[in-house]
Amino acid sequence: MFLRWEILRGWMPAIVFAAISVGIELLYFNSMVGRGMMDESFSIPLGALKIPLSIALFFSLANAIVLLTLWMSVFENTAFVMAGPDRRVRRILYPLRMVKAAAIVLTPFTIVLFTPYIVESSWFISAVASASNSIPSLKETAVNFYTWSFGLARMDYSAKFVVSQLSAAFSSTVVSGLLLWRVKGTRNLLLALRRRK
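How each quantity is defined
Residues numbered from 1 in each chain as written. Predicted model: local features only at pLDDT ≥ 70, side-chain atom pairs only at ≥ 80, totals over all residues. Heavy atoms only, no water. Helix = DSSP H or I, 4+ residues; strand = E, 2+ residues; numbered from the N terminus. Buried < 20%, exposed > 50% of the residue type's maximum accessible area, 1.4 Å probe, protein only. Contact = heavy atoms within 4.5 Å. Pairing = 2+ DSSP bridges. Expected span 1.5 Å × (residues − 1). Polar contact = N/O pair within 3.5 Å; in protein donor to acceptor, adjacent residues only side chain to side chain. Core = buried A, V, L, I, M, F, W, Y, C linked by side-chain atoms within 4.5 Å. Patch = residues over 30% accessible without salt bridge, like charges linked within 9 Å, V, L, I, M, F, W, Y side chains within 5 Å. Areas by Shrake-Rupley, 256 points an atom, 1.4 Å probe, with all protein chains shown as cover. Salt bridge = Lys/Arg side-chain N within 4 Å of Asp/Glu carboxyl O. Phe/Tyr/Trp six-rings, centres within 6.5 Å; stacked < 30°, edge-to-face > 60°.

We now examine the overall build of the protein chain. Counting its regular elements, the protein chain contains 6 helices and 2 strands. For the protein chain, the N- to C-terminal ordering of α and β elements is α-β-β-α-α-α-α-α. Here the protein chain, with 197 residues, has 31% of them falling under the buried criterion. Put simply, 70% of the contacts in the protein chain that link residues at least 6 apart link residues at least 24 apart.

Turning next to the pairing of strand S2 (residues 49-54). Across 6 bridges, the pairing between strand S1 (residues 41-46) and S2 is antiparallel. Across the sheet, Ser43 pairs through a bridge with Pro52, a residue of S2. Between S1 and S2, which pair antiparallel in sequence order, lie 2 residues; one of them, Gly47, sits at a positive phi of approximately 70°.

Counted at 1.5 Å a residue, the expected span for helix H2 (residues 55-78) with its 24 residues is 34 Å, and the 35 Å between its end C-alpha atoms agrees. The residue sitting at the N-terminus of H2 and contributing the capping side-chain oxygen is Ser54; that oxygen lies 3.2 Å from the backbone nitrogen of Leu57.

Of all hydrophobic cores here, the largest spans 31 residues; its most connected members are Phe17, Tyr28, Trp71, Val105, Phe109, Leu113 and Phe161. Elements that contribute at least two residues to this core include exactly helix H1 (8-35), H2, helix H3 (87-119) and helix H6 (157-196). With 10 residues, the top contributor of residues to this core is H3. If near-sequence neighbours (up to four positions away) are discounted, Phe161 is found in contact with Tyr28, Phe29, Met32, Met37, Ala56, Phe59, Ser60 and Tyr117.

Let us now look at a nonpolar patch on the surface. Taken together, the side chains of Phe42, Ile44, Leu46, Leu49, Ile51, Ile55 and Phe58 make up a nonpolar region of the molecular surface, amounting to roughly 670 Å² of accessible area. Elements supplying a minimum of two residues to the nonpolar patch: S1, S2 and H2. When residues in the nonpolar patch are grouped by element, the largest group, 3 residues, is from S1. Summarising the element assignment, Leu46 is placed in strand S1. When its relative accessible area of 55% is taken as the criterion, Leu46 is described as exposed.

What follows deals with the packing of aromatic side chains. This model, assessed by the stated rule, comprises 7 aromatic pairs. Considering the side-chain rings of Tyr28 and Phe114, the 5.7 Å spacing of their centres and the 85° angle between planes classify their relative orientation as edge-to-face. Taken together, the residues Tyr28 in helix H1 and Phe114 in helix H3 connect sequence positions 86 residues apart. When its relative accessible area of 0% is taken as the criterion, Tyr28 is described as buried.

What follows concerns the environment of Ala64. By secondary structure assignment, the location of Ala64 is in helix H2. Residues Ala64 and Ala169, 105 residues apart in the sequence, show an inter-C-alpha distance of 9.2 Å. Leaving out residues up to four positions away in the same chain, Ala64 has contacts with Ser21, Val22 and Glu25.

This is the structure:
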């Protein structure tokens, strides 16, 4: 394994990535609570203290752990690809590859998580309306799309929360899996070419 996650130098980027993932999840959680999602919470008595716990917040934090695991897996499997033997080059490339792996994991997750709510927002609807007025061929498509999406918008906020979280985690897993499949295919191809030589 390339990165020894058990040493402090390996854990620091993981802690930073976990903090970013938790920040995205807390932003989404707070926006859903602000939109009207009921946050079911319960208290666990611990001596004289009562610790409040939220099921939805646990679900969000579990997704942050999924993102951290995906990031570690993508980085460990892509860090050696074309890094070369020079240590100075590797020291420059590894932080860049950490950022690249973070972008590969977080981008589809964030897009799938927040896009439905951006599309439903009033400023986006007014932008689509003005664009469809200026381009008449888009008007019927926009009307059909929003007729369909407003039907979905009537879903309960708790169901929207769960569906959005699961679909975002699934999209990030698919993108990471495709990248790992491509990297392993490239490695196998290079090994096969070396054997022929």
